Amino acid sequence: IQIPVNTTEDQDSQLVRAAQRGDRAAFGRLVEGHARQVFRVCYRVTGNEAMAEDAVQETFIKAWRKLPGFDGRAAFSTWLHRVAVNAALEQLRREGRHAADAQPENDKLAGPAWTDAGPSPERITESAGIAHRAAEMLAELSTLERSAFVLRHYQEMPIAEICAVLGVQPSAAKQAIFRGVKKMRAALNEYGVQHAAGE
């Protein structure tokens, strides 16, 4: 699900070029345009409002520092999401949680996410009646599962980019996504999601 922002990709490009020349006002426009989306990404990864707020602050500090090296090959929003997820994961590492979430790569659950005919992540999360439960379930996933799930099904990143952000092999990323999907679907089915989604 793409969360609306206040700037278009073309506007972002113009603002980025100005910010790279040292224009702090242009960077401020970028912050204003993407702050809401960055907070939601950080909150979904951390599951904690205070940690998400810290991660957002760290995201824009790092983005300003790294902006001279941004080459525009990816959209600014995609690049910023990577910075945001890494900042959120760093918050979790500081809390000593990240290492405990590591999963063996030979996990038997490896495989593509959403392998059956059930509702897609988009259909699930767009249903107002179950959005709250979906948010609760995201918070119950492990760090790796939650991060991979958010990147894949909310930010629509390909597996290769997810691996780069999370620092894991493709098999581990796919396993984490599959586990997250399985847990989400099991929990949401208890609330009649298939019926609510028109299945």
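Check the entry above for the structure.
Scope of this entry: the structure provided in the associated data block. All residue numbers refer to position in the chain's written sequence, counted from 1. Note on the predicted model: pLDDT of at least 70 is required for a residue's local features to be given, and 80 or more for side-chain atom pairs to be given and counted; whole-chain, interface and lining totals, by contrast, use all residues. No hydrogens and no water enter the side-chain calculation; it runs on all heavy atoms of the structure.

**Overview of the overall build of the chain**
Per the convention used, a helix needs a DSSP run of H or I reaching at least four residues, while a strand needs a run of E reaching at least two, with both numbered from the N terminus. Across its full length, the chain holds 10 helices and zero strands. Order of helices (α) and strands (β) in the chain, N terminus to C terminus: α-α-α-α-α-α-α-α-α-α. Per-residue accessibility, obtained with a 1.4 Å probe over protein chains only, is compared with the maximum for each type, and a residue is labelled buried under 20%, exposed over 50%, and partly exposed between these values. Expressed as a percentage of the 199 residues in the chain, the buried residues total 44%. Contacts are assigned to residue pairs that have any heavy atoms within 4.5 Å of one another. Of the contacts formed within the chain by residues at least 6 apart in sequence, a portion of 71% connects residues at least 24 apart.

**Some details on the packing of helix 7 (residues 143-154) against helix 8 (residues 159-166)**
In this analysis an axis means a line fitted to C-alpha atoms, helices contributing only their contacting stretch, and an angle means the value between N-to-C directions, from 0 to 180 degrees. Direction vectors running N to C along helix 7 and helix 8 enclose 140°, while the axes themselves pass 10 Å from each other. On the basis of their axis angle, the class for helix 7 and helix 8 is oblique. The hand of the helix 7/helix 8 crossing is right-handed. Seen from helix 7, the contacting residues are Leu-144, Ser-147, Ala-148, Leu-151 and Arg-152; seen from helix 8, they are Ile-159, Ile-162, Val-165 and Leu-166. In terms of residue class, the contact of helix 7 with helix 8 is made up of seven nonpolar, one polar and one charged. Oblique is the label for any angle not covered by the other classes, which are roughly parallel (under 35 degrees), roughly antiparallel (over 145) and roughly perpendicular (65 to 115). Left-handed describes a crossing in which the near helix is turned anticlockwise from the far one by less than a right angle; the clockwise case is right-handed. Gly is placed with the polar residues, together with every amino acid not listed as nonpolar (Ala, Val, Leu, Ile, Met, Phe, Trp, Tyr, Cys and Pro) or charged (Asp, Glu, Lys and Arg).

**Regarding helix 1 (residues 9-20)**
In a helix, the anticipated span is given by 1.5 Å times the number of residues less one. If you check helix 1, its first and last C-alpha atoms are 16 Å apart, about what 12 residues at 1.5 Å a residue would give, namely 16 Å. Among the residues making up helix 1, those that are buried are Asp-12, Leu-15, Val-16, Ala-18 and Ala-19. Seen end-on, helix 1 carries its buried residues on one side only, within an arc spanning 165°. Exposed residues lying more than 90 degrees from the buried face of helix 1 are Asp-10 and Gln-14. Contact partners of the buried residues in helix 1: helix 2 (24-46), helix 3 (49-66) and helix 4 (76-94). Note that the arc is defined by the directions from the helix axis to the C-beta atoms.

**Considerations on the packing of aromatic side chains**
Pairs were defined over the aromatic rings of Phe, Tyr and Trp, the Trp ring being its six-membered one, requiring ring centres within 6.5 Å. Orientation was assigned from the angle between planes: stacked under 30 degrees, edge-to-face over 60, tilted for the rest. The full count for this structure, using the stated rule, is five aromatic pairs. Each ring, one from Phe-70 and one from Trp-79, has its centre 5.1 Å from the other, and the planes form 45°; the classification is tilted. With respect to burial, Phe-70 and Trp-79 carry one shared label: buried. A connected cluster of aromatic rings, assembled from ring pairs, spans Phe-70, Phe-76 and Trp-79.

No statement about biological role is implied by the geometric values presented.
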